[in-house]
Amino acid sequence: MLNVLVVDDSVVMRKMVVKTLRMSGIPLGEVHEAGDGAEGLEVVSREWIDLAVIDLNMPVLDGQTMIERIRASDLTRDLAILVVSTDTSPGRREALKDCRVSFVEKPFTPERLRAEALRVTGLEESIDVEGSAAAGGDFDF
Amino acid sequence: MWKDLLLQAATSTFEEAAFCMVEGVGEGGPEVGGARGVVFFEGPRSGFLMVEAEPATAAAATANMLGLDEEPSADLRQDALFELANMICGHLVSAAGEGHALYRLSRTEEEESLGEEPAAEIVLSLDCGPARVALWLAPVAVAGEV
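Residues numbered from 1 in each chain as written. Chains lettered and ligands numbered in written order. Predicted model: local features only at pLDDT ≥ 70, side-chain atom pairs only at ≥ 80, totals over all residues. Heavy atoms only, no water.

Glancing now at the side chain of His91 of chain B. With respect to the element layout, His91 of chain B can be found in helix H3 (residues 74–96). Taking relative accessible area as the criterion, His91 of chain B reaches 18% and is therefore assigned buried. Each residue touching His91 of chain B, except ones within four places of it in the same chain, is listed here: Glu105, Lys106 and Pro107 of chain A together with Ala9 and Thr13 of chain B. (Helix = DSSP H or I, 4+ residues; strand = E, 2+ residues; numbered from the N terminus. Buried < 20%, exposed > 50% of the residue type's maximum accessible area, 1.4 Å probe, protein only. Contact = heavy atoms within 4.5 Å.)

Residue and element names in this part refer to chain A. Spatial ordering of the open sheet is given by E2-E1-E3-E4-E5, a layout of five strands whose pairing is parallel. Strands at the two margins of the open sheet, each flanked by one partner only, are strand E2 (28–34) and strand E5 (102–105). Across the sheet, the mean angle separating the axes of adjacent strands is 20° when strand polarity is ignored. (Pairing = 2+ DSSP bridges. Axes fitted to C-alpha atoms, helices over the stretch in contact; angles between N-to-C directions.)

For the rest of this paragraph, the subject is the confidence of the model for chain A. Regions with low pLDDT carry predicted coordinates that are not meant to be interpreted in detail. Residues and elements named next belong to chain A. Residues at a pLDDT of 70 or more form 89% of chain A, whose mean pLDDT is 89. Summarising per-element confidence for chain A, the mean pLDDT is lowest in helix H4 (residues 90–95) (86) and highest in strand E3 (residues 51–54) (98). Across residues 130–137 the pLDDT falls below 50, and counting only partners more than four positions away or on other chains, this stretch makes 11 contacts in the model. (pLDDT = per-residue confidence, 0-100.)

Glancing now at the interface of chain B and chain A. Counting residues at the interface gives 22 residues for chain B, matched by 23 residues for chain A. Together chain B and chain A conceal approximately 2000 Å² of surface at their shared face, both sides included; 57% is due to carbon and sulfur atoms. Inspection of the region where chain B meets chain A yields two salt bridges. We note a salt bridge from Arg107 of chain B to Asp9 of chain A, for which the minimum N-O separation is 3.6 Å. Seen at the junction of chain B and chain A, the total is 10 residue pairs in polar contact (both at pLDDT 80 or more). (Buried area = accessible area lost by both parts, 1.4 Å probe. Salt bridge = Lys/Arg side-chain N within 4 Å of Asp/Glu carboxyl O. Polar contact = N/O pair within 3.5 Å; in protein donor to acceptor, adjacent residues only side chain to side chain.)

All names here are of chain A. Where helix H2 (residues 37–46) meets helix H3 (residues 63–72), the closest approach of the two axes is 9 Å, and the angle between their N-to-C directions is 25°. Considered as vectors, H2 and H3 are oriented roughly parallel to each other. Relative to H3, H2 is oriented so that their crossing is right-handed. Listed contacts from H3 to Gly37, Gly40, Leu41 and Val44 of H2 are Met66, Arg69 and Ile70. Considering only residue class, the contact of H2 with H3 consists of four nonpolar, two polar and one charged. (Parallel < 35°, antiparallel > 145°, perpendicular 65-115°, else oblique. Left-handed = near helix turned anticlockwise from the far one by under 90°. Nonpolar A, V, L, I, M, F, W, Y, C, P; charged D, E, K, R; others polar.)

Below, the structure is given as structure tokens:
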């Protein structure tokens, strides 16, 4: 079971990400949400998180700074991180190239979010999706 | 250039994120009243991008984004407009900078600059109702200018 943290200043976007992950066939444990990078770091410091889905442009503390702080801590440096943002440009990828993150561009398709979540958590081979909605684009919103 | 980029970014965002299909495009036309989401962007260029939609349009787009059967709350509708503006703006500045310039985007309630003539403006006729998308650009500083 994956414990997931979704960090985005948009409530709507957080709900979209959580709903998509729940429908994807990925076994989810606890799901936490945060509205900015500072809140996200606070959750990471007190909860066991397996996957963090992080936006970049946020108030208080932006996503890039949050990710850099996660990677700088011995306790969280290996956390699987998926950046879900409008900004997946070559310039941004270069800026985050040492942070071992995967990118999903907004707006995302359910299939793309699921595939990257599985890849970044290393679950690609172990999730049986046969016959599930996650198997081939049958996400029904 | 800006109008083409705005149209491209707005069309793809409404259709892919909110499943609202574009049926026509105008430059002004009837006023689109209702709620608005405004995003400030700064980087090589800075300015504002606004999405404005009537309550019914915003409600339909929000419900589509979240897969809701019931009427979304006013807070969710407002948040959805901000997020649509954020996505349109992100794609616009990325396309304008050819993907190499870094921009910072933030929501804003600051709307004083919106009274001026926008650099580009479109009104989309969506299958869920009309929406206005407008872009304001700050003047480019000239080298040597104080």
